[in-house]
Amino acid sequence: MVTLDDIRAARARIGDRVRQTPMVASAALSEKAGGPVWLKCEHHQTTGAFKLRGATNAVARLGTVAGVTTASTGNHGRALAHAARALGVPAIICVSRLVPQNKLDAITALGAEARVIGASQDEAFLEALRLERDEGFALIPPFDHPDVIAGQGTLGLEILEQLPDAAAIAVPLSGGGLLAGVGAAAKALRPDIRIIGISMERGAAMAASLAAGRPIEVEELPTLADSLGGGVGMANRLTFPMVRDLMDELILLTEDEIAAGLRHLAAEGQVVEGAAAVGAGAVLAGKLRGPHPLVLILSGANIDPARHAALLEAVI
Ligand SMILES: *Cc1c(COP(=O)(O)O)cnc(C)c1O
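Reading guide: rules and limits
- Residues numbered from 1 in each chain as written.
- Predicted model: local features only at pLDDT ≥ 70, side-chain atom pairs only at ≥ 80, totals over all residues.
- Heavy atoms only, no water.
- Pairing = 2+ DSSP bridges.
- Helix = DSSP H or I, 4+ residues; strand = E, 2+ residues; numbered from the N terminus.
- Axes fitted to C-alpha atoms, helices over the stretch in contact; angles between N-to-C directions.
- Contact = heavy atoms within 4.5 Å.
- Domains from an automatic or database assignment.
- Buried area = accessible area lost by both parts, 1.4 Å probe.
- Salt bridge = Lys/Arg side-chain N within 4 Å of Asp/Glu carboxyl O.
- Near = heavy atom within 4 Å.
- Polar contact = N/O pair within 3.5 Å; in protein donor to acceptor, adjacent residues only side chain to side chain.
- Areas by Shrake-Rupley, 256 points an atom, 1.4 Å probe, with all protein chains shown as cover.
- Nonpolar A, V, L, I, M, F, W, Y, C, P; charged D, E, K, R; others polar.
- Parallel < 35°, antiparallel > 145°, perpendicular 65-115°, else oblique.
- Left-handed = near helix turned anticlockwise from the far one by under 90°.
- Buried < 20%, exposed > 50% of the residue type's maximum accessible area, 1.4 Å probe, protein only.
- Right-handed = clockwise from strand over helix to strand, strands pointing away.

A. Representation of the sheet that holds strand E10 (residues 294-297). On the basis of which strands lie adjacent, the open sheet formed by six strands has the order E1-E2-E10-E7-E8-E9 and mixed pairing. Every other strand in the sheet has two partners, leaving strand E1 (23-25) and strand E9 (249-253) as the edge strands with one partner each. In this sheet, adjacent strand axes meet at a mean angle of 25° when their direction is disregarded. When E1 meets strand E2 (residues 37-40), the two strands line up antiparallel, connected through three bridges. Opposite Met23, over in E2, you have Lys40 as the bridge partner. Packing of helix H7 (residues 146-162) onto the sheet brings it into contact with E1, E2, strand E7 (168-172) and E10, and relative to E2 it is tilted by some 135°.

Next comes the structure, spelled out in structure tokens:
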């Protein structure tokens, strides 16, 4: 498992390569939740998502390699492309056909190859495994890796520095790297803090796996929260047990509830992607009220601008 010491070491390693992102109060969501609600604006991170933390930490710990590869719904791939360019090694990012074009463009703009393989995250992952086995690439997975989890955990350290009396942190949940890292950091420093995971109802692999008591496969479906898609990996070693042990509560949202969260945040001036809107969506749906102060992690900004505009139009 990943410890507070690992996360502090990651912070020392990546501290000057990632941004410290703002924490802002939300008056409207505070009123709705009945107590102070804060937004951790990690969508302002370089590359548009928290994934840069884990990818940068993992790449910084590599020896000499032929290149780096991964399978990603987009944001981890983009982050790894960024980190690889800094290291001066080639990167091949394997993605499924569900990944939006703007995310592919962002990867190639960073000098990496975006290799589109298959209809699911799991199929794309097989190609990354092949590159590791046959071509000497280092495979940096999107969540189930100690250096990735420790990197994401630096976000937990930052949250408690900015808001030392935080009572709960709501974390968008997919493979669980973010929740495992933030949860490990926050609970080590503040054992009583509540860690709340939020996923979409459509194809939530971690929720289904926790219910089954072991990693299981679920059908991957298109969702507004595309960054929350994908399985947890049948051979999951770290994030499944860490999420199971660290998470106090799990909330699932409909597509309409996620869209409402996204629209609300846009009205507050925060342009986020669907995955990052689940905290606001849960508060607005009455599924998340506290305890307070409650921190919502806005995990990423990488939504196709036309899609964002269309979602805002839909209410008018
Ligand atoms: C990857 C990602 C998540 C989920 O993170 P996991 O570590 O897979 O649970 C949430 N939001 C955004 C924007 C992401 O890119």
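B. Fine view of the domain arrangement of the protein. What the domain assignment reports for the protein is domain 1 (4-50 + 145-312) and domain 2 (51-139). When each unit is reduced to the centre of its C-alpha atoms, the spacing between domain 1 and domain 2 is 22 Å. In this assembly, 32 residues from domain 1 lie in contact with 21 residues from domain 2. Summed over both sides, the interface of domain 1 with domain 2 buries roughly 2500 Å², with 52% coming from carbon and sulfur. On the surface where domain 1 and domain 2 come into contact, there are three salt bridges. Residue Arg53 is joined to Glu158 by a salt bridge in which the shortest nitrogen-to-oxygen separation is 3.0 Å. Breaking the side of domain 1 that touches domain 2 down by element, the ones donating at least two residues are helix H1 (4-14) and H7.

C. The site of the ligand, seen in detail. Taken together, the neighbourhood of the ligand is formed by 16 residues, with Lys51, Asn75, Gly176, Gly177 and Ser299 sitting nearest. Measuring from an oxygen atom of the ligand, one finds a backbone N or O atom of Ser174 at 2.9 Å. Within the side chain of Ser299, an N or O atom sits 2.7 Å from a nitrogen atom of the ligand. Notes on the ligand: free accessible area 380 Å², of which the protein chains cover 98%. Split by residue class, the shell around the ligand holds six nonpolar, eight polar and two charged.

D. How the structure looks around the packing of helix H3 (residues 51-60) against H7. Remark: H3 packs on H7, axes separated minimally by 7 Å, with the N-to-C direction vectors making an angle of 135°. The orientation of H3 relative to H7 falls into the category oblique. Of the two elements, H3 crosses H7, and the hand of that crossing is right-handed. Across the interface between the two elements, Lys51, Arg53, Gly54, Asn57 and Ala58 from H3 touch Asp147, Val148, Ala150, Gly151, Gln152, Thr154, Leu155 and Glu158 from H7. When grouped by side-chain class, the residues that make up the contact of H3 with H7 number four nonpolar, five polar and four charged.

E. Examining helix H5 (residues 101-109) more closely. Listing the buried residues of H5 in full gives Asn102, Lys103, Leu104, Ala106 and Ile107. Buried residues belonging to H5 abut helix H4 (75-87), strand E4 (91-95) and strand E5 (113-116). Gly111 lies just past H5 and shows a positive phi near 85°.

F. Just the environment of Val59, in detail. By the secondary structure assignment, Val59 is in helix H3. Taking C-alpha positions, Val59 is 6.6 Å from Ala83, a pair spaced 24 residues apart along the chain. In contact with Val59, other than residues within four places in its own chain, are Leu80, Ala83 and Leu87.

G. Representation of the pairing of E4. Burial analysis of E4 places five of its five residues in the buried class, the great majority of the element. Of the two faces of E4, the one lined by Ala91, Ile93 and Val95 and the one lined by Ile92 and Cys94 are each fully buried. With four bridges joining them, strand E3 (residues 67-71) and E4 adopt parallel strand pairing. Following the sheet pairing, Val68 is matched in E4 by Ala91. Strand direction decides the pairing type here: E4 and E5, joined by four bridges, are parallel. Note that in E5 the partner of Val95 across the bridge is Val116. Of the crossover connections in this fold, the one passing from E4 over H5 to the parallel E5 is right-handed.

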